[in-house]
Structure formats: structure tokens, C-alpha cells
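Single-letter residue listing:
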Amino acid sequence: MRSARNLQLNRNGELVHLLSTEGLPREQLLHILDTAGQFASVSDREVKKVPLLRGKSVFNLFFEDSTRTRTTFDIAATRLSADVYTLDIGHSSTSKGESLLDTVANLSAMVADIFVVRHAESGAPYLLAQHVAPHVHIINAGDGRHAHPTQALLDMYTIRHYKPDFSSLVVAIVGDIRHSRVARSDIHALRTLGAAEIRVVGPRTLVSADMVPMGVRTCHSLQEGISGADVIIMLRLQRERMHGALLPSSEEFFRTYGLTPERLQWARPDAIVMHPGPINRGVEIDSRVADGPRSVILPQVSFGIAVRMAVMSIVIGNEADP
Amino acid sequence: MRSARNLQLNRNGELVHLLSTEGLPREQLLHILDTAGQFASVSDREVKKVPLLRGKSVFNLFFEDSTRTRTTFDIAATRLSADVYTLDIGHSSTSKGESLLDTVANLSAMVADIFVVRHAESGAPYLLAQHVAPHVHIINAGDGRHAHPTQALLDMYTIRHYKPDFSSLVVAIVGDIRHSRVARSDIHALRTLGAAEIRVVGPRTLVSADMVPMGVRTCHSLQEGISGADVIIMLRLQRERMHGALLPSSEEFFRTYGLTPERLQWARPDAIVMHPGPINRGVEIDSRVADGPRSVILPQVSFGIAVRMAVMSIVIGNEADP
Amino acid sequence: MRSARNLQLNRNGELVHLLSTEGLPREQLLHILDTAGQFASVSDREVKKVPLLRGKSVFNLFFEDSTRTRTTFDIAATRLSADVYTLDIGHSSTSKGESLLDTVANLSAMVADIFVVRHAESGAPYLLAQHVAPHVHIINAGDGRHAHPTQALLDMYTIRHYKPDFSSLVVAIVGDIRHSRVARSDIHALRTLGAAEIRVVGPRTLVSADMVPMGVRTCHSLQEGISGADVIIMLRLQRERMHGALLPSSEEFFRTYGLTPERLQWARPDAIVMHPGPINRGVEIDSRVADGPRSVILPQVSFGIAVRMAVMSIVIGNEADP
């Protein structure tokens, strides 16, 4: 069996699944960003649709709830003219005890082209990619703490849009690094694109030293972490952490790591501020920063549609190795 | 900042949002009804679609549950060839603490054209209309006890269909006036169209005297209220009122205010009976009336699709003042 | 009033509703299977759509939850280019006390062409078929313990695909026959198509003698039941039965009636194994059989789309008697 890393590409090096930014070659990553650039203009047209996926079936399988991410895939697929089917898995046969593989085998038999999968268990999209037919494509929309590759790709698109030269960039990722699949996927993509320095910033309970082998610098002081940074990616602080043993309180977090206009001055004057959303105003980010001139949070959302259109339009033309 | 009243129109007097029938000028109201008249025939065609909103994105944001109203907007937008996205807000990021404005800002960044919003808080659609970009349109699908303008417009369409001359009409609205956004929106529209007399009819607990300044006559006897009426609009009695302090019981309400064939004879012989639905048979209306020859309840539903198509097709072409 | 049996056909013998395989004439049944054969190839095309239902409205009314069946109808209608509206009835006006007939009357007023109805009460689709307008069609997607005609039709399609000559076939249906609408609908269809022998197989608590008048042979031993069978239809054992008084346990059921590769040898060597899904691995069927060479469970799913497309495309052209 091929390694999970190679499962995304066929023997011609073409993308057949998008499972992770880890192991995604630089040329593939750039190909996605370039293709997204072409789609970014589609949203500005009077008629926002292109017929690339006409007659194709995209199944949204969200085993973990996320209206926002699901909607972005729904919009992206619809703008490509695909037929989109959203399965509310909480209510479906899986609750009758059917396995994930059986669910996908059944949907495949109804003729599916793309499965967009979010799952609480790390590796679930890999499992599916190993079992579907060669013409069926899996896109990971977030699996456990493992990966969230389309978020990372839209982050890369956003960074490149504002800061085209990665080789000189200092990027700081701030917050709950430990539980963040976004952080993990961003780090892999940033390394592939050759970012000069990647810092992960947060309290010791949320930033573990085991990130160091990934080629990042760990900082437990916000000032140290964002000093001279070109890009600051603020992560969402999950509500469950605030009530757990890992954090004293959300007020305490804001006092120590919350990004305010005053603290933002530690970064470079032209630094951009990003956030995967939804934001917690007054927890990890001050409203004056979120809504301020350095924030590119809403452009991230727009670019996210283009990036997801790009990924779907690329995989649909490729076939996995038999 | 413009007043809420003027928020619906741009400086050319064109409709950019539909928030309320209050302050909606007579010519705009008639323009919507006339446009709806053209769409009413679309539903009779073999292929029930027109391409007016092709490539446009309509987001159904129902913070308050209503399968029926949501479905009518879904159908109306689909018949205009729009792409419709329905967000189950109960499960979405708002439950993660994201604000209404942030949710809409994010969806706008995904490129939205129309937001159809139902919300338990009066004024929520106004708040949104004040913040969206000039080319984005808000349609109020019911906010708190405040307004339900598309219901009022379909009511006006229905009345005009059967009784073209408003200047001679006696219209009685019967039931829980106090909590009814439908009653409020109907009264504003009826006054704008110059109805001769508007009566609000119900027990003192459900019909407050503060309606008098709206130019209506309050009646606490059903006989007085519908005597000589041309149009009777029966309101749905909400289940929660039946168990509250405001009403003794649903049986008691039916004995006093329920519309039976016998009581219907108090009205004009050609009176029409309307209801926004869903009806409570045997509570506010007898089945023999609901299903009888004077009932226009099902035509109201049909006209509702045409009216919502009209509103969407009108706002899409207009731009708010910068 | 016409009998329920004749409600499906107009006076020209054309199909206007699909309510049951009971009373469905042989020529109509074959017409559906033949039409499905034409649609089976649509799923293999690059663009999987035909414009037969363009501009038509199909409403999925699932009063009983079934993501899988609902999705197959959604896919079938979408591939015919219909507009599909799915109503989550659990959250809708029916929970506000609106009756089934009022719900459908209202949706009909919005101009509906086809209602796909699943309901926990036997006969609900008949009730609707008696009340809708002549150009509106009802498709039963499962009512109580009564009927599941599209499942039976896809089962017949599958059998005919592998075993074209029904007159020589021995078909065994195994499991909880008593509560199974699939078994009932299969038996009627098999008799109409002239199957040589139909056996119902299971414990006495789940196979009642009252099936004998339907022309079946009851067997309480699996070996007796499947000996020499050409077709074995394994039914899903409902979880609620396992905890009830009707069955000792799922392990016990598997020991006695579970289909293993060893037991499958009792059947004819070229026997096919079917299951309506979702399967309970290790309860009614061993994984080695479900995934083995005699299993046609996944082809059943594929054929199910074609059969549902066939039913919808046939009824849409026919009109009920006035």
C-alpha cells in the first residue's frame, strides 16, 4: 500500500485527493494557488458560475458540525455548476451503526465524484481515499487535530496576495497551537513555500515543544512572538479550553495573548492579521484589530471560495493509480 | 445615518431592502404587486423558471424556525434561477458565540446578493441593512413582533385580486393582534393602499388600545368586528398563548372568536376569508370556513411565491446609496 | 371513491402515483424496469443529467428519518434536472399541529409536481393521493410496515439483471419479515413477475403464518430456507427488535440466521445475495458474504437511482382521472 503521503498524487504527480498540506509538493501547491487566482475573478462576475463540474456530484459529509466550512464548499461546488448533496450525518445511517466505509461505499454506488469530508477522527479522509474507486476524490475539510488543508491553502493564497515573497517572511501563529489542525497545516505549507521564519506563540499548556522538529520557533511571550512579524495568524480559542485545566480563563488569555492595536505595533508596520474564523472578539483578538486596517480576515473568506473551487476543479480531471 | 424608514430605498426612491411595509411608499408597494402579477403566470408554465437571478446567491438565514416561510423563499429564489443556500443557524457559528453581524459579514465575503432573514429580535434586519455593502440586499422574513412585510404584501396581492378597489373596503383582522407582526405589517400596507376601514378584533388581552393611533378601530366583539366586512384576516393563535394568562383556553377562544359559517354571515355575502397559516382548525377557524367557498387561504400561498419572486427581482437591480 | 389499489393508475392504465407494488399490473412493473434500464446508463455519462423534469418541483417529505433513501430520491430528481426541496418535517408546521393534508395542500399551492413521502403510518401516501390535484404525483418512500415500492422495484431490477427468467427462480427473504415493508413489497412484485417459489425465513417471532395467503412458504430454519435458492434477500435486523421480547440477542440471531460463507453454500452456486441496507455486519450478514463475490448489495444501490428516475419520469407525464 502506498504511504498516506503519496495517496494524494497519482504516479504522474497529479492531485487526486487533498488530504494534507504535509507532503504536498511545492509545484502542486503553487498550481492550486494559481488556479484559485483565476477563480477569484468569477465571484466578481454578474453570473458567478462556470460549467466545469456540470453534472458532477459533490457530497458534503460533515461528521463534525461546521456550517461555515460546509457552506464554503457548497458555494464553491455550486459556482462550478456541480450538484451538491449535503448529508446531515448526525441523523443518518451511521447513527444506525453503519460504518464510515459502508456509508461512502453506498454513496459511491449512487455515483459520486467528490466527497468533502470533515471528521473528528484524524485520518478518516485517508481511510476513505484508500478505498474509493480511482475516479472518486476525497477532500479533507478537517480531520481531528490532524489537518485542514483547504484552510491552509487559503491562508497561503492570502499571504501571497499581500506578501508575494515568502523567502523574506516572518509568520507568527498565535493561540492554541496544540489542538489546532489549522496551525499544523499552515506550518507544512509555509515550509514548502519557504517562509523565512515560522513562530508558534502561546502559553506552555497550548504550545508544546514537540513542534520544534517541524522547523518552528516556539515563543511563550506574545511580544517575542510577533516582534517584526510580517504575518500574524490568530487562532480561535475553543470554548472548551477556557473551562478546562489548560487555561485559567478567557479574560486571562486576552490579557496575556489577546491582539490589541497597541500590541500589534510590535509587528512590522505593514503586517497583516489573519484568523480562520469565527473570531472570539475580546478573547484572542480585539475588535479594533479584527475590524482594523491590518486585518485581512474577510478577504481570507473570499479567497477561501476560490481556493476550494481550484481544488475541486483540479482533482476532477485526474485519476488515481489503479 | 439614515432613518430606518428610509433604509429600504435609495435616493432615487428604488427598493434596495424590504424591511417593513411601514414607510414603504404607495408607488413602490404597487410596483411590487404589479411585478408579482407577471410572476404569477410563471408557476403555471410547463417549465416554471425564469433566468432573472441566474448566478446570484440567496442566503436563507432563519434564526427562528419556519419551514413554511423558508420554503416559499427557497422556491421563489429557485424559480428565478438563483443559487439558494439555507443556513441552519441553530447549529452554526452563532451558537459558537459569533455575532449576527460577523455571520453576515462572513457570508457577504463569500459573495452574497440577497439575505432573507428571520429573527426573533425586532430590528435585526435593520441592523444588517445598515452594515452590508451597497449591492447586498436584506429581505425581512419576520422580525420579532415587529414586521413581516412579504406576508403583508401577499395579503395585499390577494385582496386586490378579489377586491380591486381598496377605497371602499372594510377589512377586519381577528385574533392575537398584540403579538402579531403580520397584523402590524398588514395595517401599514392597508393604510398606504387607502382601505376605507381597518378593524382589529379580539379579546382585550390580545388587542391593545395602543393600536388606535395606527388608524384602526378596535372591536372586542366578533360580531361588531366583522359586520359588513369585505375581507376577514384570521390570525393564527399561538399555542403558547393558550397556556398563558392571556387566554382561558383554546376552546373558550373558539366559542368567542372562532370563525364559523354561521358567524361568517355577519360579514358581506361576498367577503373573503384569509389566514397567514398554518391554520389551527377548531381554534380560530372552523374547517367548514377554512375549506369553504369564501376561503382564499390556498390562493394566498400561491400568490406568496409570486410576491417573493417580485421582491427579489426588484431589489437585485438596485443599489443602496454609498 | 376508487379503491386504494386503483388509485395508482388512471383510466388509461397509466401510472399516476406509486403507492405499492400490490395491484401494480405486470405491464406497468415491466415498463418501470425497462425505463430504468435506459437511465442506468445516464450515471455513466460524463454529464449525468437529462432535462426531463426541468422546471418541475419535487418535494421530499420525510416524516420518518432516512438520510439514505432521501438522498437517493434527491439524486434521482436532480439527475432529471428537477428542483428538489427537502422538508425537515420534524421541525416544521406539523409540529405546530398542522395536519398532513394541510401541509401537502399548502405545498401544492406553491406548485408541486411530485411529493416523495415517507411516513410512519401505513396508508399516509394513499390519503395524500386521494386529495391532491390530478397533475400532482405521490411516490411512497416507505409507509409504516405497509409498503416500500421503490425498494421492491430496485430489487426486481437487480434480480432481473442477474437472473432474467423469473419463472424458474427460488427467492428466499430472510430476517424480520413481520415488521418489514420491504418484504411485503418484494413478495407482491415477485408474484406479479411470476417467481417460481418465494420463501420467508426467520424465527417464529418474526415470521408469522399469516404470510401464507400471500403465496409464500414459511421456513424457520435457515438451511431449509435458502437450500437451492437463486436469490437471497437478507433484511436488516432493526436494533429495537434486538432489545425487545421478540429476539434473545443479536449474537443469538447471527448464530441461527446470520448468512456466513459456509451457510451460503446451501444455496445454488450462482445465487446472488441482496440487502436493502444499511447492513448490520455480524448480525444478519457476515462481512465475508457482504463483501464477497455473490453480493450484489452495491449494484442494488446504483440501480436504485435509475429505478427512482424511471418512476418519476413516468408519473410526470400522466394525469389522474378527474
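**Here we look at the overall build of chain A**
When you go through chain A residue by residue, the secondary structure sums to twelve helices and nine strands. Its C-alpha atoms give chain A a radius of gyration of 19 Å, within 12% of the compact-globule value 20 Å for 322 residues. Principal-axis analysis of the C-alpha atoms places the extent of chain A at approximately 55 × 40 × 40 Å. The burial tally for chain A puts 55% of its 322 residues in the buried class. Sequence separation of 24 or more characterises 76% of the internal contacts of chain A that already satisfy a separation of 6 or more.

**Digging into the interface of chain B and chain C**
Listed as interface residues are 21 residues of chain B and, on the opposing side, 19 residues of chain C. Contributing elements (two or more residues each) for the side of chain B that touches chain C: helix H2 (67-79) and helix H12 (297-315) of chain B. For the side of chain B that touches chain C, the element with the most residues is H2 of chain B, which contributes seven residues.

**Overview of the relation of the copies chain A and chain B**
Taken as rigid bodies, chain A and chain B are interconverted by a rotation of 120° and an axial shift of 0.0 Å, the fit giving an RMSD of 0.0 Å. One copy is carried onto the other by what is essentially a three-fold rotation axis.

**Concerning the confidence of the model for chain A**
Scored by pLDDT, chain A comes out at a mean of 91, with 94% of its residues at no less than 70. Note on the complex model: pTM 0.93, ipTM 0.91.

**Section: the sheet that holds strand E3 (residues 114-119) of chain C**
Residue and element names in this part refer to chain C. Spatial strand order, E2-E1-E3-E4: four strands in an open sheet with parallel pairing. Edge positions in the sheet fall to strand E2 (83-88) and strand E4 (137-143), since each has one partner strand and no second. Here the average twist between neighbouring strands, direction ignored, is 15°. Pairing of strand E1 (residues 57-62) with E3, which is carried by five bridges, proceeds in the parallel orientation. When the bridges of E3 are listed, Asn60 appears paired with Val116.

**Some points on the interface of chain A and chain B**
For an interface, size is often stated in terms of accessible area lost upon the parts coming together. On the side of chain B, 19 residues touch chain A, which itself brings 21 residues to the contact. Mapped onto the side of chain A that touches chain B, the elements with two or more residues apiece are helix H2 (67-79) and helix H12 (297-315) of chain A. Counting residues per element, the side of chain A that touches chain B draws most heavily on H2 of chain A, which supplies seven residues. Looking at the side of chain A that touches chain B residue by residue, the classes come out as seven nonpolar, eight polar and six charged.

**Quick look at the pairing of strand E4 (residues 137-143) of chain A**
Residue and element names in this part refer to chain A. The element E4 is extensively covered by neighbouring structure, given that seven of its seven residues are classed as buried. Direction of pairing for strand E3 (residues 114-119) relative to E4: parallel, over a ladder of five bridges. Each residue of the ladder has a partner; that of Val116, found in E4, is Ile139. Viewed along the sheet, the connection from E3 through helix H4 (residues 124-131) into E4 turns out right-handed.

**Notes on the sheet that holds strand E9 (residues 272-274) of chain A**
All names here are of chain A. Read across the sheet, five strands follow the order E7-E6-E5-E8-E9 without closing on themselves; strand pairing throughout is parallel. Looking along the sheet, the strands with just one partner apiece sit at the ends: strand E7 (217-219) and E9. Taking each pair of neighbouring strands and ignoring which way they run, the sheet shows an average axis angle of 20°.

**Quick notes on helix H3 (residues 100-109) of chain C**
By the criterion of burial, H3 of chain C is predominantly enclosed, with eight of the ten residues buried. Taken residue by residue, H3 of chain C has Asp102, Thr103, Val104, Ala105, Asn106, Leu107, Ser108 and Ala109 of chain C as its buried positions. Where H3 of chain C is buried, its residues touch H2 and H12 of chain B together with E1, E3 and helix H4 (124-131) of chain C. Phi turns positive one or two residues past the end of H3 of chain C, at Val111 of chain C, with a value near 75°.

**Structural notes on the packing of helix H3 (residues 100-109) of chain A against H4 of chain A**
Packed helices, taken two at a time, are described by the angle between their axes plus the distance between the axes. Residues and elements named next belong to chain A. Remark: H3 packs on H4, axes separated minimally by 10 Å, with the N-to-C direction vectors making an angle of 50°. As the angle between them shows, H3 and H4 are arranged oblique. Of the two possible hands of crossing, H3 and H4 adopt the one that is right-handed. Residue-level inspection shows Leu100, Leu101 and Val104 of H3 in contact with H4, the latter providing Ala124, Leu127, Leu128 and His131. Across the contact of H3 with H4, the residue classes break down as six nonpolar, one polar and no charged.

**Here we look at helix H6 (residues 181-192) of chain B**
Residues and elements named next belong to chain B. Under the 1.5 Å per step criterion, the end-to-end length of H6 is 17 Å for twelve residues, consistent within 8% with the ideal 16 Å. Considering only its buried residues, H6 is in contact with helix H1 (26-40), strand E4 (137-143), helix H5 (149-162), strand E5 (170-174), strand E6 (197-201) and strand E8 (231-234). Positive backbone phi, at 80°, marks Gly194, one or two positions downstream of H6.

**Things to note about the nonpolar core**
Counting 330 residues, the largest nonpolar core has Ile232 of chain A, Ile232 of chain B together with Ile232 of chain C as the members making the most contacts within it. Apart from residues no more than four positions distant in its own chain, Ile232 of chain A is found in contact with Ala172, Val174, Ile226, Leu259, Ala267, Ala271, Val273 and Met274 of chain A.

**So, the pairing of strand E2 (residues 83-88) of chain B**
Walk down a regular strand and you will see the side chains alternate between the two sheet faces. Residues and elements named next belong to chain B. Of the pairings in the sheet, the one linking strand E1 (residues 57-62) to E2 comprises six bridges and is parallel in character. Of the residues in E2, the one forming a bridge with Val58 is Val84. Once the chain exits E1 it traverses H2 before rejoining the sheet at E2, and the crossover so formed is right-handed.

**A short note on unusual backbone geometry**
Following Gly277 of chain B, the chain continues to Pro278 of chain B via a peptide bond in cis, the omega torsion being -10°. Mapped onto the elements, Pro278 of chain B comes out in the loop between strand E9 (272-274) and helix H11 (287-290). The phi dihedral of Ser81 of chain A is positive, around 75°, even though this residue is not glycine. Relative to the helices and strands, Ser81 of chain A resides in the loop between H2 and strand E2 (83-88). Phi at Val111 of chain B is positive, roughly 75°, even though this residue is not glycine. Given 20 C-beta atoms within a 10 Å radius, Val111 of chain B is considered buried.

**Some words on the environment of Gly277 of chain B**
Inspection of the secondary structure assignment puts Gly277 of chain B in the loop between E9 and H11. Gly277 of chain B sits in the buried class, given 23 other C-beta atoms within 10 Å. Residues Gly277 of chain B and Leu235 of chain B, 42 residues apart in the sequence, show an inter-C-alpha distance of 7.9 Å. Ignoring sequence-local partners within four residues, the contact set of Gly277 of chain B consists of Arg68, Ile297 and Val301 of chain B together with Asn106 of chain C.

**Some remarks on the packing of H2 of chain A against H12 of chain A**
Residue and element names in this part refer to chain A. Relative orientation of the contacting elements H2 and H12 amounts to 60°, with a least axis distance of 8 Å. For the element pair H2 / H12, the angle class is oblique. For H2 against H12, the interelement crossing comes out right-handed. When H2 is examined against H12, the residues Thr72, Phe73, Ile75, Ala76, Ala77 and Arg79 are found in contact with a partner set consisting of Gly304, Ile305, Arg308, Met309 and Met312. For the contact of H2 with H12, the class distribution of residues is seven nonpolar, two polar and two charged.

**Here's the deal with the environment of Phe63 of chain A**
Residues and elements named next belong to chain A. With respect to the element layout, Phe63 can be found in the loop between strand E1 (57-62) and H2. Judged by C-beta crowding, with 19 C-beta atoms within 10 Å, Phe63 ranks as partly exposed. A C-alpha to C-alpha distance of 8.9 Å links Phe63 and Leu87, two positions 24 residues apart in sequence. Setting aside anything within four residues of it in sequence, one finds Phe63 in contact with Ile89, Arg118, His119 and Ala120.

**A few points about the environment of Glu197 of chain C**
Residues and elements named next belong to chain C. The residue Glu197 is located in strand E6 (residues 197-201) in this model. Taking the C-alpha atoms as reference points, Glu197 and Gly225, separated by 28 residues in sequence, lie 11 Å from one another. If we ignore the near neighbours within four places in the chain, the residues touching Glu197 are Val170 and Arg217.

Definitions and limits used
- Residues numbered from 1 in each chain as written.
- Chains lettered and ligands numbered in written order.
- Predicted model: local features only at pLDDT ≥ 70, side-chain atom pairs only at ≥ 80, totals over all residues.
- Helix = DSSP H or I, 4+ residues; strand = E, 2+ residues; numbered from the N terminus.
- Rg over C-alpha atoms; globule rule 2.2 N^0.38 Å.
- Buried ≥ 20, exposed ≤ 12 C-beta atoms within 10 Å, placed from the backbone.
- Contact = placed C-beta atoms within 7 Å.
- Least-squares fit on C-alpha atoms with pLDDT ≥ 70 in both.
- pLDDT = per-residue confidence, 0-100.
- Pairing = 2+ DSSP bridges.
- Axes fitted to C-alpha atoms, helices over the stretch in contact; angles between N-to-C directions.
- Nonpolar A, V, L, I, M, F, W, Y, C, P; charged D, E, K, R; others polar.
- Right-handed = clockwise from strand over helix to strand, strands pointing away.
- Parallel < 35°, antiparallel > 145°, perpendicular 65-115°, else oblique.
- Left-handed = near helix turned anticlockwise from the far one by under 90°.
- Expected span 1.5 Å × (residues − 1).
- Core = buried A, V, L, I, M, F, W, Y, C linked by C-beta atoms within 7 Å.

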